Amino acid sequence: MTDNVEKVNQISPFLLVIILVFFILSLVALFIAVESLIEQSGTLNSYSFLLIGFFGLAISIYMLLQSRGKPMHVTLELPRVITTLECPKCDFKNVRDFQRDDYIFKETGSCQKCNETMKITAIYREAKKNDQS
Amino acid sequence: MDPSGIVWKLEHVLDVRDVRFKDEVKLMAPEADEAQINNLENTLEAAMALNMIYKIIRHFYLLGKKTLSLYIIMQIQMVLPLIMKQAEAYAQALRAFSVGQPIGDGAGPLVAAKLMQGHKTREIAKDVVAAEVPIDGRTAYVLKAKGPGGNVGKPGDGIRKLIEEKNGNISTIIMIDAALKLEGEKPGEVAEGVGAAIGGPGIEQFKIEDAILKNKIPVNAIIVKQDIGDAVSPMRKEVFDAADPVITRIKRLILERTKKGDNVIIAGIGNTIGIGQ
């Protein structure tokens, strides 16, 4: 089904070049800022360059990390489904995992206490602990 | 709603689709019984819904790449959490349908099945069963889709037939259905209202409204709230537990709105997969 779709974690060379250029420009900005700070010429400009340099550096590192990151793998967790069987005679309850062909009000199995045929009275999904919505 | 008979044309098209689906399933699984065929049909529909989501996402992804347009990709990025939620629900539905587990949409049939327990049932319309249940001196005609296979039946036909059988002598109709909740509302919350509580393409709703209008029968609705994911995935405990409060409300409604000796129709609307009668 996904044969004809390219893999998404391939990094485009064009993007890499952009990141590299951005990175170099940020370093240059930082160099200019440090140099002008040491020489104490144009303090306002040197602080602006310092800000631009750090900002550019942060963005280029962020872009590089984002582009190298592996795509998120979504796994679907199937919920546990519970079947409750009840004895109509002695009210004995048996709770077990759902089995294929179970359905509500199906008569199945015999009661462990009185040997009467038991009936499925409930089938529901077990609630997850963080499932509040 | 239907000045030129569109509803009946739509019903015919959907009937043909249903028969075609069933025939395809029978070809794939010739040994399957009726309930299994219904479950497989539902499984096929869930698989088709998932495939459609995949195709739409792929369409936007490839279109975005082709046109180098960020906006096309952004459209899908913005709605992706909702699409993922829907896809997860259908993936769970796929499993539920394939093994025949009751789903959230079965809240209505569950209530009807609980009411008709121990009473004789008969098939009143296509894939719809009804039972005569005495409740507080009234006669309640309880109907639901025929289970335990995945089925919604034609409750509109069932209600119309019951009204015709009783020559319009029905005091009230109570419909129970699952309904979508808003964020912040609790799943399994029960709400009451008036009107035909039934979803789908509108054919069954039209039939019910048409039948009740002739005899001026009041229609009451009781809904069990849940989100779209819960409606197609295995039934939550909260939704299952809501069945008893719904029955209490039905009995209260009957006491309040009818007299002794009256006839009442109680219709459990929804997919009855995993729920017998």
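Residues numbered from 1 in each chain as written. Chains lettered and ligands numbered in written order. Predicted model: local features only at pLDDT ≥ 70, side-chain atom pairs only at ≥ 80, totals over all residues. Heavy atoms only, no water.

Q: How would you sum up the sheet that holds strand 5 (residues 190–194) of chain B? Please name residues and give values.
A: Residue and element names in this part refer to chain B. On the basis of which strands lie adjacent, the open sheet formed by 7 strands has the order 1-2-3-7-4-6-5 and mixed pairing. The sheet terminates laterally at strand 1 (121–125) and strand 5, the two strands that pair on one side only. Within this sheet the neighbouring strands show an average axis-to-axis angle of 30 degrees, counted without direction. With 4 bridges connecting them, strand 1 and strand 2 (residues 128–135) associate as antiparallel partners. (Pairing = 2+ DSSP bridges. Helix = DSSP H or I, 4+ residues; strand = E, 2+ residues; numbered from the N terminus. Axes fitted to C-alpha atoms, helices over the stretch in contact; angles between N-to-C directions.)

Q: Just give me the short version of the packing of helix 4 (residues 107–116) of chain B against helix 9 (residues 243–257) of chain B, but keep the residues and values in it.
A: Residues and elements named next belong to chain B. Close contact between helix 4 and helix 9 brings their axes to 10 Å; oriented N to C, the two are set at 65 degrees. With respect to helix 9, the element helix 4 is oriented roughly perpendicular. For helix 4 against helix 9, the interelement crossing comes out right-handed. For the pair formed by helix 4 and helix 9, the contact residues are Leu110, Val111, Lys114 and Leu115 on the first element and Ala243, Asp244, Val246, Ile247 and Ile250 on the second. Looking at the contact of helix 4 with helix 9, its residues break down into 7 nonpolar, no polar and 2 charged. (Parallel < 35°, antiparallel > 145°, perpendicular 65-115°, else oblique. Left-handed = near helix turned anticlockwise from the far one by under 90°. Contact = heavy atoms within 4.5 Å. Nonpolar A, V, L, I, M, F, W, Y, C, P; charged D, E, K, R; others polar.)

Q: Any chance you could break down the interface of chain B and chain A for me, citing the residues and the numbers?
A: Each partner contributes to the interface: chain B provides 32 residues, whereas chain A provides 28 residues. With both chains or domains summed, chain B and chain A bury close to 2600 Å², and 62% of this area falls on carbon and sulfur atoms. For the interface between chain B and chain A, the tally reads 1 salt bridge. Elements supplying a minimum of two residues to the side of chain B that touches chain A: helix 2 (34–67), helix 3 (70–99), helix 4 and helix 8 (237–241) of chain B. Classifying every residue of the side of chain B that touches chain A gives 14 nonpolar, 9 polar and 9 charged. (Buried area = accessible area lost by both parts, 1.4 Å probe. Salt bridge = Lys/Arg side-chain N within 4 Å of Asp/Glu carboxyl O.)

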